[in-house]
Amino acid sequence: MTTPVVQAPRGPVTRKDVARYAGVSTAVVSYVVNGGPKKVAPATEAKVQDAIRVLGYRPNAAARALKLGSSETIGLVIPDNSNPFFSFFAHAVEDAAAELGYALVLSNSDGNLAKERRNIRNLAARQVDGVLLASVLFEPDLESLETADIPSVLLNQERDAPGFNSIGVDLAAGARMAVEHLIGHGHTNIGLAMGTNVSSSTDGRELGWREALQAAGLPEGPIAYSDFTRPGGYSAGQRLLASVNRPTAIFASSDMQAIGLLRAVHEAGLAVPGEIAVASFDGSLEAEYSWPPLTTVEQPVAEMAEAAVAALVGAGRGEKPRHRIFPTKLHIRQSCGCP
């Protein structure tokens, strides 16, 4: 059997060209390219895939978006994807979006409000189907999305944001759990390495730290405010260790801060956890591979990502907004003093 000779089409290869080469209808080509809605016999699908390969066909996403009235794209704005927690979260969102047939566009705000707003405007201009936003504000500026009628879901929200879908964990409860664990090791002077942001409200992790100490009848240890980064944690650690009232245990508001904090403690010649115990918040993979491994409050990232994408798709269908809080758990390792 000889292979039919088909003259290469002039200009961009179309779905009709693929159908003509494979000897099928354009509808069958559509089913193969889009994975449905109708099934295609394996032999027929193989012919279509061969035609796509030979002709170099590339589906026109813009034309498809116009036809469907959807870009099949979700935007995600996070503070910093070099932070392992947000990197893991972005990956989980991408997986959850792909399961529903959506592609992901990722942008970083670098914790900067002006850049966050610019990223939101850019996503709105590209007519994404929705935006997931881990904002530097509790009530972010979403005017660009609202004007373009683009649904959004707020991430990292411990409190209800009326009128918006939101996802988060109880930061205060998680922090209390970690500090209570340190108290259980006999520590009575527990410091706090607290991350900073542009929000005017007190972070739940700081509230949880205070509540745990107050409930145990203990005074508040020293506080060092810094960025949610390794350098921020390193700086906070240096200040806490230089304090007149040097703590015997420290709760860090993020794993990245705790990693930097550990360096400061090691450089000071102090043993962890023998002389300084450490616990942190997030549950990133990096916490498991620090030395010593970090005891950390773990957030259910995969579940939160799935819920965020589902809420975004639901908002596009007119579902009422809701606030979802997920439970945290304390992942105990060696930095707190446990074997």
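Whatever comes next refers back to the structure up there.
Now for a quick tour of the structure. This is a predicted model, so every value here is computed, not measured. (Residues numbered from 1 in each chain as written. Predicted model: local features only at pLDDT ≥ 70, side-chain atom pairs only at ≥ 80, totals over all residues. Heavy atoms only, no water.)

**Remarks on the layout of surface pockets**
Roughly 1000 Å³ of volume is contained in the largest pocket. Taken together, 42 residues line the largest pocket, and the ones lying closest to its centre are T196, N197, D203, R205 and F228. Those elements that place two or more of their residues in the lining of the largest pocket are α5 (84-99), β5 (165-169), β6 (190-195) and α9 (204-215). (1 Å grid on protein atoms, 1.4 Å probe; cavity = no way out; pocket = protein on both sides within 12 Å on 5 of 7 lines; lining within 4 Å. Points joined across faces, edges and corners; volume = space filled by probe spheres on them. Helix = DSSP H or I, 4+ residues; strand = E, 2+ residues; numbered from the N terminus.)

**Brief notes about the packing of helix α1 (residues 15-22) against helix α3 (residues 42-55)**
Two quantities define a packed helix pair, namely the angle between the helix axes and the distance between the axes. Remark: α1 packs on α3, axes separated minimally by 9 Å, with the N-to-C direction vectors making an angle of 120°. The orientation of α1 relative to α3 falls into the category oblique. Crossing angle aside, the handedness with which α1 passes α3 is right-handed. Each of D17, V18, Y21 and A22 in α1 lies in contact with α3, whose residues at this interface are K47, V48, D50, A51, I52, V54 and L55. Among the residues making up the contact of α1 with α3, the classes are represented as eight nonpolar, no polar and three charged. (Axes fitted to C-alpha atoms, helices over the stretch in contact; angles between N-to-C directions. Parallel < 35°, antiparallel > 145°, perpendicular 65-115°, else oblique. Left-handed = near helix turned anticlockwise from the far one by under 90°. Contact = heavy atoms within 4.5 Å. Nonpolar A, V, L, I, M, F, W, Y, C, P; charged D, E, K, R; others polar.)

**Here's the deal with the pattern of salt bridges**
For the coordinates displayed, the defined rule picks out ten salt bridges. Between R20 and D17 there is a salt bridge whose closest N-O contact spans 3.2 Å. Highlighted residues: R20 and D17, both in helix α1, separated by three residues, approximately one helical turn. Here R53 and D50 are joined by a salt bridge, their closest N and O atoms 2.5 Å apart. A residue pair is termed a helical-turn pair when its members lie 3 or 4 positions apart in one helix, as R53 and D50 do in helix α3 at three residues. In this structure D50 comes out as partly exposed when scored by relative accessible area, which is 31%. In this structure, a network of salt bridges that share partners links the residues E206, R210 and E220. (Salt bridge = Lys/Arg side-chain N within 4 Å of Asp/Glu carboxyl O. Buried < 20%, exposed > 50% of the residue type's maximum accessible area, 1.4 Å probe, protein only.)

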